[in-house]
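Report on the structure
Residues per chain, in single letters:
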Amino acid sequence: MLRSAARLWMACFGWKVEVAEPLPPKMVFIAAPHTSNWDVPFMLAAAWALGMRLSWLGKHTLFRGALWGRFMKAVGGVPVDRRSSSSTVSRIADVFRDQERMYLAISPEGTRRAVEHWRSGFYHIARAAGVPIGLGYLDFGRKRAGVGGLLTPSGDVRADMDVIRAFYADIRGKRPELETVPRLREEQVEAPEPEPVGSAS
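The structure displayed is predicted, hence computed values, not measured ones.

1. Brief notes about the overall build of the protein chain
Across its full length, the protein chain carries six helices and seven strands. What you see in the protein chain, going N to C, is helices and strands ordered as α-β-β-α-β-α-β-α-β-α-β-β-α. Here the C-alpha radius of gyration of the protein chain, 16 Å, is about what a compact globule of 201 residues would show, namely 17 Å. Looking at the protein chain as a whole, 48% of its 201 residues are labelled buried. Put simply, 71% of the contacts in the protein chain that link residues at least 6 apart link residues at least 24 apart. Carbon and sulfur atoms make up 54% of the accessible area of the protein chain, which totals about 10400 Å². Of note, the protein chain has its 28 positive side-chain charges centred 9 Å away from the centre of its 21 negative side-chain charges.

2. A word on the packing of helix α1 (residues 2-12) against helix α2 (residues 39-49)
As a packed pair, α1 and α2 sit with axes 7 Å apart at the nearest point and diverge in direction by 130°. It follows from the interaxial angle that α1 and α2 lie oblique. Judged by the sense of rotation from one axis to the other, the crossing of α1 with α2 is left-handed. Each of Leu2, Arg3, Ala6, Arg7, Trp9 and Met10 in α1 lies in contact with α2, whose residues at this interface are Pro41, Phe42, Ala45, Ala46, Trp48 and Ala49. Residues that form the contact of α1 with α2 fall into these classes: 10 nonpolar, no polar and two charged.

3. Observations regarding a nonpolar patch on the surface
Among the surface-exposed residues, Trp9, Phe13 and Trp38 lie close enough to one another that they form a single nonpolar patch of about 290 Å² accessible area. Looking at Trp9, the relative accessible area reads 31%, which means it is partly exposed.

4. Here we look at the pattern of salt bridges
Evaluation of the coordinates by the stated rule reveals eight salt bridges. The shortest N-O distance in the salt bridge between Asp170 and Arg142 comes to 3.9 Å. Taken together, the positions of Asp170 in the segment after α6 (157-168) and Arg142 in the loop between β6 (133-139) and β7 (144-151) put the pair 28 residues apart, joining distant regions of the chain. By relative accessible area, Asp170 is classed as partly exposed at 46%. A relative accessible area of 45% means that Arg142 is categorised as partly exposed. For the salt bridge of Asp162 with Arg165, the shortest nitrogen-to-oxygen distance reads 2.7 Å. Here Asp162 and its partner Arg165 are both found in helix α6, three residues apart, which amounts to about one turn of the helix. We classify Arg165 as buried; its relative accessible area is 16%. Through salt bridges with shared partners, a single network forms among Asp139, Arg142 and Asp170.

5. Description of the packing of aromatic side chains
Each pair of aromatic rings is reported with the distance of its centres and the angle of its planes. In the structure shown here, the tally under the stated rule is 12 aromatic pairs. Taking 5.8 Å as the distance between ring centres and 80° as the angle between the ring planes, the aromatic pair formed by Trp118 and Phe122 counts as edge-to-face. Comparing Trp118 with Phe122 shows no difference in burial state: the two are buried. Among the aromatic side chains, those forming a connected cluster through ring pairs are Trp9, Phe13, Trp15, Trp38, Phe42 and Phe140.

Basis of the calculations
Residues numbered from 1 in each chain as written. Predicted model: local features only at pLDDT ≥ 70, side-chain atom pairs only at ≥ 80, totals over all residues. Heavy atoms only, no water. Helix = DSSP H or I, 4+ residues; strand = E, 2+ residues; numbered from the N terminus. Rg over C-alpha atoms; globule rule 2.2 N^0.38 Å. Buried < 20%, exposed > 50% of the residue type's maximum accessible area, 1.4 Å probe, protein only. Contact = heavy atoms within 4.5 Å. Areas by Shrake-Rupley, 256 points an atom, 1.4 Å probe, with all protein chains shown as cover. Lys, Arg positive; Asp, Glu negative; His and termini not counted. Charge placed at Lys NZ, Arg CZ, Asp CG, Glu CD. Axes fitted to C-alpha atoms, helices over the stretch in contact; angles between N-to-C directions. Parallel < 35°, antiparallel > 145°, perpendicular 65-115°, else oblique. Left-handed = near helix turned anticlockwise from the far one by under 90°. Nonpolar A, V, L, I, M, F, W, Y, C, P; charged D, E, K, R; others polar. Patch = residues over 30% accessible without salt bridge, like charges linked within 9 Å, V, L, I, M, F, W, Y side chains within 5 Å. Salt bridge = Lys/Arg side-chain N within 4 Å of Asp/Glu carboxyl O. Phe/Tyr/Trp six-rings, centres within 6.5 Å; stacked < 30°, edge-to-face > 60°.

Pasting the structure below:
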């Protein structure tokens, strides 16, 4: 019923939901571009229309309290302590290994404002967990949403990001002036340390 309702909701706004290839049982799902508060309802509707139950990362303080913490986890929340990026990547990779199905949505921009670099947590988590990166998108220019393909991170950050940049080059957010070119700091240094993982605050 939720899937049908989501498809109807998208159709009412004139949107089409697409998927380039069959979805795997687990993946890190890029939510981009992120330029407006409208991104969240359209992303959720597109995911539900595809039968995906998204998980998301939230600051650990959002999960305080036994009842509230259980509720947040029940709606897909995964608590992270952003004070330690490397341990976060390892812990989220362990969560993936414990699940039969998991679609972890991450907005690498981390904000609706234009920024210089994407946060690299999505890349390091996917590589550590051994899962592909789903190229999720909301194209407000053409009213299309979905997953445009899968990328298995190779460890060659620049080469992988070239693929990601090419994919998002002609996809427009609701406010194109706030878009960020997909680029990681790791592309400019030889021995990178993972950056903080994008999460709700």
